[in-house]
Amino acid sequence: MTSQNIYILGIESSCDDTAASVIHNGRILSNVVANQKIHEEYGGVVPELASRAHQQNIVPVVHQALEKAGIKKEQLNAVAFTRGPGLMGSLLVGASFAKSFAYGLNIPLIDVNHMQAHILAHFIDEEGFEKPEFPFLAMTISGGHTQIVKVNHYFDMDVIGETIDDAVGEAYDKSGKILGLGYPAGPEIDKRAQLGNPKAFKFTKPKVEGLNFSFSGLKTAILYFIQREVKENSDFVKENLNDICASIQYTIIGILIDKLKVATKQTGIKQIAIGGGVSANSGIRKALKDGEQKFGWKTYVPKFEFTTDNAAMIAIVGYLKFLEEDFAQQDVTASARLKI
Ligand code: KG4
Ligand code: ZN
């Protein structure tokens, strides 16, 4: 892309992970994430605790990212940070830090949209990972979002479908809560799903117009189903956990794939990239591969470390914006509901 020597520091703090990464010309030199264990005991992210933990983590995390990259802060060309969407108290920590850091070094500040970053993570230079060609469809599936986006170019994106209630990650986490699993439940449901029978129990898929999604009905259906079965047999969940997880996963993946089928038909675009925490899921990965055979799709699945929240995706967007000299001013503010 360029023969220049460009070093970008990316900072991510939109939810409960404090992360920093250094990218050199689109290639990762470091990618540091401090997870906040504190939320596990509450069964979900507690915003006030998240913000406080970010304040404790941000300086050591950035320090570590620079050290691992083997560069001095004076070598940085710009600082990129997550402007939104996310939790306000969490975003403010990263935004304030990035602003002062860029100001102190007298280098450009770059604001990044977290949802765009989940998509543009596919443009990180990684051996063995092909970059999608424009236009492509991106499905972002995380604990906070479920969207289908038509990506015309790096910063020219149209959201063509999204959830009208819960995000798909929430469907996993809330189902997990009903089953007595820890938070976040997605990874465990996925693991157990691979050991169970996906057709053991049937949950009806919601009927939602067009390319939009709905997951709150599924959660209620699962709750009533479990309550009913437990009345008959108090050990029902314990005895059938893998089958229940497999059936939930089968239903959720079915909902996602059905919408992708409609989206590819509607747009005529058969290139599909996924991003967000749920793109780590084995079921969606397999279903997309099957789609290549069945429907002639070309699919792009991110490297595991770029699925959940990370700062490398923020740094790559910073790099792409740096090339376009698209900089933010010091008066830029964090935005909890920032749109793509
Ligand atoms: O992108 P992310 O790290 O944070 C948000 O921006 O929300 O996504 C976290 C979500 C959680 O809901 C978690 O349960 C889900 O991703 N998740 C998974 C898997 N790994 C993480 N869901 C299903 N299967 C997985 N393997
Ligand atoms: Zn995310």
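It should be noted that the structure appears before, not after, this text.
Residues numbered from 1 in each chain as written. Chains lettered and ligands numbered in written order. Predicted model: local features only at pLDDT ≥ 70, side-chain atom pairs only at ≥ 80, totals over all residues. Heavy atoms only, no water.

**Description of the coordination of the zinc ion (ligand 2)**
Alright, step 1. Protein ligation of the zinc ion (ligand 2) involves H114 (NE2), H118 (NE2) and D309 (OD), the donor distances falling in the range 2.1 to 2.2 Å.
Alright, step 2. The site at the zinc ion (ligand 2) holds four donor atoms, and with the angles between them running 90 to 149°, its shape is irregular.
Alright, step 3. Coordination of the zinc ion (ligand 2) draws on donor residues from a single chain, spaced H-x3-H-x190-D in sequence. With H114 and H118 both in helix 3 (residues 114-120), this residue pair falls four residues apart, about one helical turn. In terms of burial, H114 and H118 fall into one category: buried. (Donors = N, O, S within 2.8 Å, 3.2 Å for Na, K, Ca; no water. Tetrahedral: all angles 85-135°; square planar, octahedral: opposite > 155°, others 65-115°. Helix = DSSP H or I, 4+ residues; strand = E, 2+ residues; numbered from the N terminus. Buried < 20%, exposed > 50% of the residue type's maximum accessible area, 1.4 Å probe, protein only.)

**Description of the side chain of K259**
Alright, step 1. Counting through the fold element by element, K259 comes out in helix 7 (residues 236-267).
Alright, step 2. Within the local environment of K259, its side chain forms a polar contact with the backbone oxygen of V208, the two atoms lying 2.8 Å apart.
Alright, step 3. Sequence-distant contacts of K259, that is, excluding residues within four places in its chain, are made with I148, V208, E209, G210, L211, N212 and F213. (Polar contact = N/O pair within 3.5 Å; in protein donor to acceptor, adjacent residues only side chain to side chain. Contact = heavy atoms within 4.5 Å.)

**Section: the sheet that holds strand 1 (residues 7-12)**
Alright, step 1. Reading across from one edge, 3-2-1-4-5 is the order of the five strands in this open sheet, with mixed pairing throughout. With one partner strand each, in any of the chains shown, strand 3 (27-35) and strand 5 (109-113) form the two edges of the open sheet. Strand-to-strand twist of the sheet, defined as the mean angle between neighbouring strand axes without regard to direction, takes the value 20°.
Alright, step 2. Most of the contacts of helix 1 (residues 47-69) go to strand 2 (residues 17-24), to which it runs at about 25°, and overall it touches strand 1, strand 2 and strand 3.
Alright, step 3. In the packing of helix 2 (residues 88-105) onto the sheet, contacts are made with strand 1, strand 4 (78-84) and strand 5, and the angle to strand 4 comes to roughly 160°. (Pairing = 2+ DSSP bridges. Axes fitted to C-alpha atoms, helices over the stretch in contact; angles between N-to-C directions.)

**Details of the site of ligand 1**
Alright, step 1. In the region of ligand 1, 19 residues are neighbours, and G143, D173, D190, G277 and N281 sit closest.
Alright, step 2. Within the backbone of G143, one N or O atom sits 2.7 Å away from an oxygen atom of ligand 1.
Alright, step 3. Here ligand 1 loses 88% of its free accessible area of 550 Å² to cover by the protein chains.
Alright, step 4. If you list the elements that add at least two residues to the shell around ligand 1, you get helix 3, helix 4 (168-178) and helix 5 (186-193).
Alright, step 5. A breakdown of the residues in the shell around ligand 1 according to their chemical character gives five nonpolar, 11 polar and three charged.
Alright, step 6. Residues from two domains meet in the shell around ligand 1; each of domain 1 (7-123 + 307-323) and domain 2 (136-301) gives at least three. (Near = heavy atom within 4 Å. Areas by Shrake-Rupley, 256 points an atom, 1.4 Å probe, with all protein chains shown as cover. Nonpolar A, V, L, I, M, F, W, Y, C, P; charged D, E, K, R; others polar. Domains from an automatic or database assignment.)

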